Amino acid sequence: MTEKVYFGYGKDVASIELSKLNRHGIIAGATGTGKTITLKVLAEQLSAAGIPVFLSDIKGDIASLAEANTGDGLEERLTATQYTTYEPQSYPVEIWDVFGAEGTPVRITISEMGPILLSRLLGLNDTQTGILNIVFAVADERELLLIDLMDLRAMLNYVADHAQELGQHYGTISKASVGVILRSIVVLEQQGGQQFFNEPSLEIADFMRQSADGRGVINILNAKQLYTQPTLYATVLLALLSELYEDLPEVGDLPQPKLVFFFDEAHSLFDGTPKALLDKIELIVRLIRSKGVGVFFITQNTTDIPEAVASQLGNRIQHGLRAFTPKELKTVKAVADSFRQESGEDLAHVIQELKVGEAVVSTLQADGTPSMADRVMIYPPQSRIGTIDPSKLLQVVNQSPLLEKYQESINRESAHEQITALIEMEEAALIAEAEAAAQAAEAERLAKEQAKAEAKQEAELAKELEKQRKQAEKENERARQAAQKARTSARRTDSAMDRFTKNIMSSVGREVGKAVSRGITGMFKR
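Definitions and cut-offs
By convention here, each chain's residues receive numbers from 1 onward along its written sequence. Local features in this predicted model are restricted to residues whose pLDDT is 70 or higher, and side-chain atom pairs enter the listing and the counts only when it is 80 or higher, whereas totals over whole chains, interfaces and linings include all residues. The basis for the side-chain values is all heavy atoms of the structure; hydrogens and waters are excluded. What counts as a helix is a DSSP run of H or I of at least four residues, what counts as a strand is a run of E of at least two, and both are numbered from the N terminus. We compute the radius of gyration over the C-alpha atoms and compare it with the globule rule, which gives 2.2 Å times the number of residues raised to the power 0.38. For every residue, the accessible area obtained with a 1.4 Å probe (protein chains only) is divided by the maximum for its type, and the residue is called buried under 20%, exposed over 50%, and partly exposed between those limits. Contacts are residue-level and defined by heavy atoms, with any inter-residue pair within 4.5 Å sufficient. Residue exposure ignores everything except the shown protein chains as possible cover, and the areas themselves are Shrake-Rupley values with a 1.4 Å probe. A 3.5 Å cut-off defines polar contacts: any pair of N or O atoms within that distance qualifies, except that in protein one atom must be a possible hydrogen donor and the other a possible acceptor, and neighbouring residues in sequence count only when both atoms are side-chain atoms. Here, a strand pair is defined by DSSP locating no fewer than two bridges between the strands. Salt bridge criterion: a side-chain nitrogen from Lys or Arg within 4 Å of a carboxyl oxygen from Asp or Glu. Note that the arc is defined by the directions from the helix axis to the C-beta atoms. Side-chain atoms within 4.5 Å link the members of a nonpolar core, which is a set of buried Ala, Val, Leu, Ile, Met, Phe, Trp, Tyr and Cys residues. UniProt positions are given in the numbering used here, feature names are shortened, and annotations may be inferred rather than shown by experiment. Pairing of aromatic side chains requires ring centres within 6.5 Å, counting the rings of Phe and Tyr and the six-membered ring of Trp. Pairs whose planes differ by under 30 degrees are stacked, by over 60 edge-to-face, and all others tilted. For a Lys NZ or an Arg CZ to count as sitting over a ring, it must be within 6 Å of the ring centre and within 35 degrees of the ring normal. Reported domain spans reflect what an automatic or database domain assignment gives. Note: buried area is the sum, over both parts, of the accessible area (probe 1.4 Å) each one loses when the two are combined. Residues are grouped as follows: nonpolar covers Ala, Val, Leu, Ile, Met, Phe, Trp, Tyr, Cys and Pro; charged covers Asp, Glu, Lys and Arg; every other residue, Gly included, is treated as polar. For the purpose of charge, His is not counted, nor are the chain termini; Lys and Arg are scored as positive and Asp and Glu as negative.

Moving on to the overall build of the protein chain. When its secondary structure is counted, the protein chain shows 18 helices and 12 strands. Rg of the C-alpha trace for the protein chain: 53 Å, well past the compact-globule value of 24 Å for 526 residues, more than 25% over. Dimensions of the protein chain, computed from the C-alpha atoms along their principal axes, are close to 210 × 50 × 40 Å. Buried residues in the protein chain amount to 45% of all 526 residues. Of the contacts formed within the protein chain by residues at least 6 apart in sequence, a portion of 77% connects residues at least 24 apart. Accessible surface for the protein chain amounts to roughly 27100 Å². Of this, 53% is attributable to carbon and sulfur atoms.

Here it is in structure tokens:
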């Protein structure tokens, strides 16, 4: 098994121990000093050793790894580097593209990116970042999937609508801050973010493949359009690196890494980065080596890299720097002092006079100590120098075995649909409650009307009965009065027979009375 990769020649052949690649590295130098060629050569050598590689193509001159070099005009450099095994050849590549225009689409979900990276991408302040953390916490608690930007927007509106309820547990939720985040999402969508945040999301295993002949596949992110938004570019790369860190198992120190990840234009990652994110980057760089991943940062100046991260970069390739001001001279000296160098060597001067394609190199040796700084001429690449032929690029993309897997996005049920269904249920419940209340009110109204009608009917009946009673009383009174009158009239209006009878009886009475009187009187006389 190969133990080293070779990439140039100085006092001796310049090499990197495969077992030390997970100690990370840096390729630095001014524009036009040969960083891209160094990057390609390292990618070629790693691929030949069976190690998959990930790198980004910002200028369009990395994808040409898929084409063989012509070898023309390289005699002088081949001689200078003593590269006797040079053989022009192409390498197995996989072209990825966040926008899916010139490469296999690479996607990631909102949940996979997480609130810290997303806050940086959206340019949020601490208060707004806090609300975004609440959104993720509520989504986890209520099992709402955050896949795309529609899901994030739905969750933000949901949190804003339930601010009073959620505020009792999470603290104050400002609707104004939610509005700022929503507007930032609109900007991100206009930059093409809706294509990156989707499914199927990238399976990290697809970065770590080998070709049929055992060479490591070189994964190239087509970043020509992506890098026009540097923050989006840096966040995408960091999100992919985070996925590697979170998904890969612990393996310790391997004889060779599972993957080497080159982070080009690394300064864009650290410009204006909040401390929380810097801490996360430092953590990833420090711990990802135990996952079998090596990380190389490519930038113009090593001072672009925070000290906490730079101190973990054991393999260093420094191309030329130009210094004309006291500040620039101070920077060059600081860079030179970061190398292990021979006593009395003026490495700062060497760095300033490096030619294109030359670099000061120091790599970790087998025992873990850095090698002495050496002035090295980098090998010429075996693949094509310059941009790839468009027809060849199209061929590589269309023949990708992963294209069918990732070409079409899918839209499964997630937070947007779940919240919509929840809102519809809440609305249905409110409608049902309102209808029940309306029915109850209608029933109450009808009951009141019925009671009122019954009361009215009872009142009318009572009134009628009272009327009838009074009428009966009146009729009884009239009847009594009529009877009384009849009796009175009877006494006053006797009939002729009655008067005759009365007269006869009266006369008889008188005669009887007289006879009795005479009888009594006669007795007394005797």
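Glancing now at the environment of Gln-89. Note that Gln-89 resides in the loop between α2 (75-81) and β5 (93-97). Measuring from C-alpha to C-alpha, the distance between Gln-89 and Ser-242 comes to 33 Å, with 153 residues separating the pair along the chain. The contact partners of Gln-89, leaving out residues within four places of it in the chain, are Glu-67, Ala-68, Asn-69, Arg-215, Gln-382 and Ser-383. Side chain to side chain, Gln-89 and Arg-215 meet in a polar contact 3.2 Å long.

To continue, consider the sheet that holds strand β2 (residues 13-17). Within the open sheet, the 12 strands sit side by side as β2-β1-β12-β11-β10-β3-β9-β8-β4-β7-β5-β6. Their pairing is mixed. Either end of the sheet is taken by a strand with one partner, and the two such strands are β2 and β6 (104-105). With 5 bridges joining them, strand β8 (residues 259-263) and strand β9 (residues 293-299) adopt parallel strand pairing. Bridge pairing in β9 links Phe-263 to Phe-297.

Turning to the pattern of salt bridges, a few remarks are in order. A full pass over the atoms with the stated rule returns 24 salt bridges. A salt bridge links Arg-23 to Asp-253; its shortest N-O distance comes to 3.2 Å. You can see Arg-23 sitting in the loop between β2 and β3 (25-28) and its partner Asp-253 sitting in the loop between α9 (230-247) and β8, a full 230 residues away along the chain. A relative accessible area of 48% means that Asp-253 is categorised as partly exposed. A salt bridge links Glu-67 to Arg-384; the nearest nitrogen and oxygen atoms lie 3.1 Å apart. With Glu-67 in the loop between β4 (53-57) and α2 and Arg-384 in the loop between β12 (374-378) and α15 (390-398), this pair connects stretches of sequence that are 317 residues apart. With relative accessibility at 15%, the residue Glu-67 sits in the buried group. Arg-384 gets classed as partly exposed once you look at its relative accessible area, which sits at 31%. Several salt bridges converge on common partners, so that one network encompasses Glu-466, Arg-469, Lys-470 and Glu-473.

Further remarks concern α15. Among the residues of α15, Leu-393, Val-396 and Val-397 are the ones counted as buried. Considered in projection along α15, the buried side chains sweep an arc of 95 degrees and stay on one side of the axis. Exposed residues pointing more than 90 degrees away from the buried face of α15 are listed as Ser-391 and Leu-394. The inward-facing, buried residues of α15 abut β5, β6 and α16 (403-406).

So, on to the nonpolar core. The tendency in soluble globular proteins is for nonpolar side chains to be buried as a group. With 83 residues, the main nonpolar core has Leu-118, Met-155, Phe-197, Phe-261 and Phe-297 as its most contacted residues. Of the residues forming this core, the biggest block, 11 residues, is contributed by α9. Leu-118 has contacts with Ile-110, Met-113, Leu-132, Phe-136, Leu-152 and Phe-197, leaving out every residue within four places of it along the chain. Formed by 43 residues, the second largest nonpolar core is a distinct cluster that contains Phe-262, Phe-296, Ile-317 and Val-397.

Before going further, it helps to examine the UniProt feature "domain: AAA+ ATPase" (unreviewed entry) in the protein chain. Under the feature "domain: AAA+ ATPase" (unreviewed entry), the UniProt entry names residues 21-324. As a span, residues 21-324 carries 43% helix and 12% strand, and end to end its C-alpha atoms are 34 Å apart.

Applying the stated rule across the entire model yields 12 aromatic pairs. Three or more aromatic residues link up through ring pairs in this structure, and these residues are Phe-54, Trp-96, Phe-207, Phe-261, Phe-263, Phe-270, Phe-297 and Tyr-406. Here Lys-291 stacks its cationic end above the ring of Tyr-245, 4.6 Å away from the centre of that ring.

All right, on to the domain arrangement of the protein chain then. Per the domain assignment, the segments of the protein chain are domain 1 (4-107 + 199-407) and domain 2 (125-131 + 143-194 + 413-459). Averaged C-alpha coordinates put domain 1 and domain 2 at centres separated by 50 Å. Contact with domain 1, which involves 4 residues of that partner, is made by 4 residues of domain 2. The junction of domain 1 with domain 2 conceals about 360 Å² of combined surface from both sides, 65% of it contributed by carbon and sulfur atoms. Ranking the residues of domain 1 by area buried against domain 2 places Glu-199, Gln-229 and Leu-232 at the top, with a combined share of 77%. Here domain 1 is connected to domain 2 by 0 salt bridges. Joining domain 1 to domain 2, the criterion identifies 0 residue pairs in polar contact (both at pLDDT 80 or more). Partitioning the side of domain 1 that touches domain 2 into residue classes produces 2 nonpolar, 1 polar and 1 charged.

Let's shift gears to unusual backbone geometry. For residues besides glycine, phi is generally negative; the peptide bonds are generally trans as well. Between Glu-199 and Pro-200 the backbone carries a cis peptide bond, its omega angle lying at 5 degrees. In this fold, Pro-200 is placed in the loop between α8 (193-196) and β7 (218-222). For Glu-143, which is not a glycine, the phi torsion comes out positive at approximately 55 degrees. Position of Glu-143 relative to the elements: it lies in the loop between α4 (126-141) and α5 (149-161).

Within the secondary structure layout, Asn-219 lies in strand β7. Overall, the relative accessible area of 0% leaves Asn-219 in the buried class. Separated by 3.1 Å, the side chains of Asn-219 and Trp-96 make a polar contact. One polar contact links the side chain of Asn-219 to the main-chain carbonyl oxygen of Phe-207, over a distance of 2.8 Å. Beyond its immediate sequence surroundings of up to four residues, Asn-219 is in contact with Val-53, Phe-54, Leu-55, Glu-94, Trp-96, Asp-206 and Phe-207.

Turning our eyes to something else, we now look at the side chain of Lys-35. By the element assignment, Lys-35 lies in helix α1 (residues 35-48). It turns out Lys-35 is buried and unbridged, and the closest side chain with the opposite charge, Glu-265, is 6.3 Å from it. Not counting the four nearest positions on each side in its chain, Lys-35 is found in contact with Ile-27, Ala-28, Gly-29, Ala-30, Ile-298, Thr-299, Gln-300 and His-319.

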